[in-house]
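Structure assessment
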Amino acid sequence: MSVPLLAAAAAHPDRTALEAAGRFASYRELLDASERIAGALLAGESDLGGRPIGFLVEPSFEWVAVLWGIWRAGGVAVPMCLSHPRPELEYVAADADVDTLVAGGELAERLGPVAEARGARLLSPGALLAADRPPSLPEIARERGALIVYTSGTTGGPKGVLTTHANLAAQVGSLRSAWEWRADDRILLVLPLHHVHGIVNVVLSALASGAGCRMLPAFDAEATWEILAGGRLSLFMAVPTIYSRLAAAWDAMPEPERLAASRGCRRLRLMVSGSAALPVRLLERWREIGGHTLLERYGMTEIGMALGNPLHGERRPGHVGVPFPGVEVRRVDEDGNGVADDVPGEIEVRGPTVFREYWGRPGETADAFRDGWFRTGDVAVVDRGSYRILGRQSVDIVKTGGYKVSALEVEEVLREHPGIAECAVVGVADEEWGEVLSAAVMASAGGAPGLEELRAWAKERLAPYKVPRRMVVVDELPRNPLGKVVKPRVKELFTVG
Ligand code: MCA
Ligand code: AMP
């Protein structure tokens, strides 16, 4: 098997790989399906030669089979987001420059106009699966591109993060070693599959270990508790907002159900939290509810996972631990000089897990590195050997429910609203969401929209998680003498008084 991450599949053909929508699938079935899909995507060509292929598919057998099929045909997989409205889907399709899109049923209807506008072919997973097995498939070198995941930054629109097969193998290898993944592990996927957390930490790690992955189409607290209570999982990974939702659902259960839920939870061997800061209060609450000290780790789309608390040993609340195996981490000042443990410094990362490039953006790729080190933009101190994240350098990056959102991107869209003359978007601290996107707007002559009206309007243009939840109308935005909006003062509009 020339795709590195598929080697385990060939070694465990009869093990159950996936359980989704009541269907169980073995590794053999996934290999067979992905081979057919690869053949159909190739349609007589010998190698897709690194062309990006977009796919909009629910978490399912088909999702994995399409991903593997793209890889085996020599393509680069571009997983698309189920909740994206048309403009965001169009952006991804155009930026990645896909000539083929994969979607079925209602999702194909949504992607149809996107494909048509680009002159791209639109194929359904069903049709791909029904294809004959190809006579041969290309050899895939490890250095070739494998995956493009879109992430927001402080400049321009979202950027496609291209990781190679070697990068993904290194990311997965590092996690498998740190968390001692085994073939008899079973994990539940509740995360979306257009981001690294769900793709790499859950699905790819499980499948590279010969383990089993059960998939829910989307997070649902009741369904998740039912499965946790069943006691057949060994691992669970989620963002803090999901643990907060689970805690609230546990609170709402009658006593006997609570006991069963907590008992089931205790049978897991590991529960991990990441993608955003885990509030210490939530960590403590989860000790009471689930009997686990959540293992908090720190990562980023561009680098996979960089820092984590130990699997065995003390997990320090409010800390993200030490570098993962094979990952080099340093902290530097503005000039790139190393800083003492107690001095805040920007985290920089180097090693085989670090992505190759922002797709089609050589300038931004070059800017993201300093002397071969990737600059994360996150600031941390080291406290008795364990990293503690203090925050991000840029006030314009907001983390809400584990999703990274660029305030500037949201502002640009809001300014198109006829009732908005000017606006400033900030993240305001919130117990459940980490941060809540909040917009201060100046009305234009037509008058500012109400919050609900604005949300409905924005949802047609932006992913739902990028739509502000709070809004104030102001006469003037707080500005400094140079006329630049002062974001900390915009935050105060939502927190003071
Ligand atoms: C959903 N909504 C949100 C968010 N998610 N609003 C703000 N921030 C969000 N994150 C909107 C919905 O569209 C809906 O809008 C309303 O909130 C309530 O929806 P609800 O059904 O209650 O929420 P949900 O759809 O269940 O979503 C909550 C969630 C989801 C399950 C926590 O946000 C989620 O899956 N987050 C995980 C994201 C993730 O995987 N991040 C990893 C990035 P309305 O009420 O108007 O209809 S990778 C990464 O960060 C690195 C690599 C790392 O370290 O892992
Ligand atoms: P993304 O760009 O969506 O991959 O999100 C990566 C960002 O999420 C990082 O740069 C951090 O700002 C944040 N992040 C991830 N894990 C943690 C964590 N455990 N604590 C604090 N921030 C985190």
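For the structure itself, look to the data block above.
How each quantity is defined
- Residues numbered from 1 in each chain as written.
- Chains lettered and ligands numbered in written order.
- Predicted model: local features only at pLDDT ≥ 70, side-chain atom pairs only at ≥ 80, totals over all residues.
- Heavy atoms only, no water.
- Buried < 20%, exposed > 50% of the residue type's maximum accessible area, 1.4 Å probe, protein only.
- Helix = DSSP H or I, 4+ residues; strand = E, 2+ residues; numbered from the N terminus.
- Pairing = 2+ DSSP bridges.
- Near = heavy atom within 4 Å.
- Polar contact = N/O pair within 3.5 Å; in protein donor to acceptor, adjacent residues only side chain to side chain.
- Areas by Shrake-Rupley, 256 points an atom, 1.4 Å probe, with all protein chains shown as cover.
- Nonpolar A, V, L, I, M, F, W, Y, C, P; charged D, E, K, R; others polar.
- Expected span 1.5 Å × (residues − 1).
- Bend = angle between axes of the 7 residues up to and from the residue.
- Contact = heavy atoms within 4.5 Å.
- Phe/Tyr/Trp six-rings, centres within 6.5 Å; stacked < 30°, edge-to-face > 60°.
- Lys NZ or Arg CZ within 6 Å of the ring centre and 35° of its normal.
- Salt bridge = Lys/Arg side-chain N within 4 Å of Asp/Glu carboxyl O.
- Arc of directions from axis to C-beta.

**Examining the pairing of strand β11 (residues 235-238)**
Residues L235 and M237 of β11 are buried on one face, and the alternating residues F236 and A238, pointing to the opposite face, are buried as well. For strand β9 (residues 186-189) and β11, the ladder comprises two bridges, and the chain directions are parallel. Residue L188 lies in a different strand from β11, and its bridge partner there is F236. Here four bridges tie β11 to strand β12 (residues 270-273), and the two strands are oriented parallel to one another. Bridged to M237 within β12 is V272.

**What to know about the site of ligand 1**
Taken together, 27 residues lie near ligand 1, and S275, K399, R455, K459 and R469 sit nearest. In the environment of ligand 1, an oxygen atom lies 2.7 Å from a nitrogen or oxygen atom belonging to the side chain of K399. Side-chain polar atom of R469 to an oxygen atom of ligand 1: 2.3 Å apart, as the coordinates give it. Protein chains shield 77% of the accessible area of ligand 1, which is 1,000 Å² for the free molecule. Elements that contribute at least two residues to the shell around ligand 1 include exactly α8 (196-208), α10 (240-251), β13 (295-300), β22 (397-400) and α15 (451-459). Along the lines of polarity and charge, the residues of the shell around ligand 1 split into twelve nonpolar, nine polar and six charged.

**Quick notes on the site of ligand 2**
Around ligand 2, a shell composed of 15 residues is seen, among which R297, T301, D378, R392 and K399 lie nearest. Contact distances for ligand 2 include 2.9 Å between a nitrogen atom and a side-chain N or O atom of E296. At five residues, the largest contribution of residues to the shell around ligand 2 is made by β13. Per-class residue counts for the shell around ligand 2 are five nonpolar, four polar and six charged.

**Comments concerning helix α5 (residues 105-118)**
Here α5 is 14 residues long and its end C-alpha atoms lie 20 Å apart, about the 20 Å a rise of 1.5 Å per residue gives. Bending of α5 peaks at approximately 40° at the position of L111, with proline P113 no more than four residues after it. By the burial criterion, the buried members of α5 are L107, A108, L111, G112, V114 and A115. Buried residues along α5 sit against α4 (86-96), β5 (100-102) and β6 (121-123). Phi turns positive one or two residues past the end of α5, at G119, with a value near 70°.

**Looking at the packing of aromatic side chains**
Under the defined criterion, the tally for this structure stands at eleven aromatic pairs. On the basis of an interplanar angle of 20° and a centroid distance of 5.7 Å, the ring pair of F355 and F369 is categorised as stacked. Note that F355 is positioned in the loop between β17 (345-350) and β18 (357-358) and F369 in strand β19 (residues 369-370), a separation of 14 residues in sequence. Judged by relative accessible area, which is 3%, F355 ranks as buried. For F369, a relative accessible area of 23% puts it in the partly exposed group. An aromatic cluster of three or more residues is present, and its members are W225, F236, Y243 and W286. We note R258 situated over the ring of W250; from NZ or CZ to the ring centre the distance is 4.5 Å.

**Quick look at the pattern of salt bridges**
Inspection of the entire model under this criterion finds 37 salt bridges. The shortest N-O distance in the salt bridge between R186 and E19 comes to 2.8 Å. Note that R186 is positioned in strand β9 and E19 in strand β1 (residues 16-20), a separation of 167 residues in sequence. For E19, a relative accessible area of 11% puts it in the buried group. Put simply, D396, E411, R415, E422, R479 and K487 are held in one network by salt bridges that share partners.

**Considering helix α16 (residues 487-495)**
Within α16 the residues assigned to the buried category are K487, V490 and F494. For α16, the angular spread of the buried residues around the axis is 55°, confining them to a single face. Those residues of α16 that are buried lie in contact with α14 (407-414), β24 (420-430), β25 (434-443) and β26 (470-473). Of the residues flanking the end of α16, it is G497, one or two places downstream, whose phi is positive at about 80°.

**Some details on the side chain of E348**
Within the secondary structure, E348 is located in strand β17. Look at E348 and you get buried, because its relative accessible area is 0%. Within the structure, the side chain of E348 is placed 2.7 Å from the side chain of R330, a separation counted as a polar contact. Each residue touching E348, except ones within four places of it in the same chain, is listed here: E328, V329, R330, V332, R370, W373, F374 and R375.

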